[in-house]
Amino acid sequence: MIIGIGNDLANIERIGRTLDRFGDRFRDRVFTELEQRRSENRANTVESYAKRWAAKEACSKALGTGLRMGIAWRDMSVRNLRTGQPVMEVTGWAKERLDSLTPENHEAIIHVSLTDDHPWASAIVVIEARPIPD
């Protein structure tokens, strides 16, 4: 069953200007070390950050809160499997919120899809609750 869905559209140029203006202060406030390493090692660094920004916004919407009620940017993190597939992980208050949404005897799976087409980066997050097999 679907327990949450969110999407977001981020302007890559706006994220680039923010990175230029605030640098590490912005990176460290919003992105985990893993996300920063991944983005900095990409040919399209700004696009990578913009997609991750959009994913965090979409995840907060899927959790039903937006970026309020105690969710911190770094409580949501995008990593990539070896295949390149993005995976959303939550910690802190975002994990507590996810746990409160997940029905008893179910596990939550967060699906995330990222894309960009300059000047836009987009993310969709779907949170699924699957019954835990006996």
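What counts and how
- Residues numbered from 1 in each chain as written.
- Predicted model: local features only at pLDDT ≥ 70, side-chain atom pairs only at ≥ 80, totals over all residues.
- Heavy atoms only, no water.
- Helix = DSSP H or I, 4+ residues; strand = E, 2+ residues; numbered from the N terminus.
- Rg over C-alpha atoms; globule rule 2.2 N^0.38 Å.
- Contact = heavy atoms within 4.5 Å.
- Areas by Shrake-Rupley, 256 points an atom, 1.4 Å probe, with all protein chains shown as cover.
- Lys, Arg positive; Asp, Glu negative; His and termini not counted.
- Charge placed at Lys NZ, Arg CZ, Asp CG, Glu CD.
- Core = buried A, V, L, I, M, F, W, Y, C linked by side-chain atoms within 4.5 Å.
- Buried < 20%, exposed > 50% of the residue type's maximum accessible area, 1.4 Å probe, protein only.
- Phe/Tyr/Trp six-rings, centres within 6.5 Å; stacked < 30°, edge-to-face > 60°.
- Axes fitted to C-alpha atoms, helices over the stretch in contact; angles between N-to-C directions.
- Nonpolar A, V, L, I, M, F, W, Y, C, P; charged D, E, K, R; others polar.
- Patch = residues over 30% accessible without salt bridge, like charges linked within 9 Å, V, L, I, M, F, W, Y side chains within 5 Å.
- Salt bridge = Lys/Arg side-chain N within 4 Å of Asp/Glu carboxyl O.

Participant: Can you walk me through the overall build of the protein chain in this structure?
Facilitator: Helices and strands together make up the secondary structure of the protein chain, namely four helices and five strands. Along the chain direction, N to C, the helices and strands of the protein chain fall in the order β-α-α-α-β-β-α-β-β. Computed over C-alpha atoms, the radius of gyration of the protein chain comes to 15 Å, within 12% of the 14 Å expected from 2.2 N^0.38 for 134 residues, which places it in the range of a compact globule. Overall, the protein chain is about 50 × 30 × 25 Å in size when its C-alpha atoms are taken along their principal axes. The contacts in the protein chain between residues at least 6 apart in sequence include a share of 58% that link residues at least 24 apart. Accessible surface, the protein chain as shown: approximately 7600 Å² in total, 47% of it carbon and sulfur. Distance from the positive charge centre (20 side chains) to the negative charge centre (20 side chains) of the protein chain: 4 Å.

Participant: What am I meant to see in the nonpolar core here?
Facilitator: The nonpolar side chains of a soluble globular protein tend to be buried with one another. Ranked by internal contacts, the top residues of the largest apolar core, which has 30 residues, are Trp-53, Met-88 and Val-125. Elements supplying a minimum of two residues to this core: helix H1 (12-30), helix H3 (45-62), strand S2 (76-80), strand S3 (86-90), helix H4 (92-101), strand S4 (106-117) and strand S5 (120-131). Top element by residues in this core is H3. It accounts for eight residues. Excluding its chain neighbours within four sequence positions, the residues that come into contact with Trp-53 are Asp-8, Ala-10, Arg-14, Ile-15, Phe-26, Val-30, Phe-31 and Trp-73.

Participant: Mind showing me how you'd approach the packing of aromatic side chains here?
Facilitator: Any pair of aromatic rings gets described here by the distance separating the centres and the angle formed by the planes. Per the counting criterion, the structure on display carries four aromatic pairs. Summarising the aromatic geometry, the rings of Phe-26 and Phe-31 are spaced 5.8 Å apart at their centres and angled 80 degrees between planes, so their arrangement reads as edge-to-face. The same class applies to Phe-26 and to Phe-31, which are both buried. One aromatic cluster is present, formed by Phe-26, Phe-31, Tyr-49, Trp-53 and Trp-73 through successive ring pairs.

Participant: Quick question: what am I supposed to make of the environment of Ser-60 here?
Facilitator: Structurally, Ser-60 is set in helix H3. Since its relative accessible area comes to 0%, Ser-60 is described here as buried. Each C-alpha atom, one on Ser-60 and one on Gly-92, is 13 Å from the other, the two residues being 32 residues apart in sequence. For Ser-60, the residues in contact, after removing those within four places along its chain, are Thr-65, Gly-66, Leu-67 and Met-76.

Participant: Honestly, the packing of helix H2 (residues 33-40) against H3 in this entry has me stumped. Any pointers?
Facilitator: A packed helix pair is summarised by two numbers, namely the angle formed by the two axes and the spacing between the axes. Closest axis-to-axis distance for the H2/H3 pair is 8 Å, and the angle between their directions is 145 degrees. Facing H2, whose interface residues are Glu-35, Gln-36, Arg-38, Ser-39 and Glu-40, H3 presents Thr-45, Ser-48, Tyr-49, Arg-52 and Lys-56. Each residue belonging to the contact of H2 with H3 can be placed in one class, and the counts come to one nonpolar, four polar and five charged.

Participant: Which parts of the structure should I look at to understand a nonpolar patch on the surface?
Facilitator: The grouping of Ile-2, Ile-5 and Ile-124 at the surface amounts to a nonpolar patch, some 310 Å² of accessible area in total. When you line up the elements, Ile-5 lands in strand S1 (residues 2-11).

Keep in mind these numbers describe shape, not what the thing actually does.
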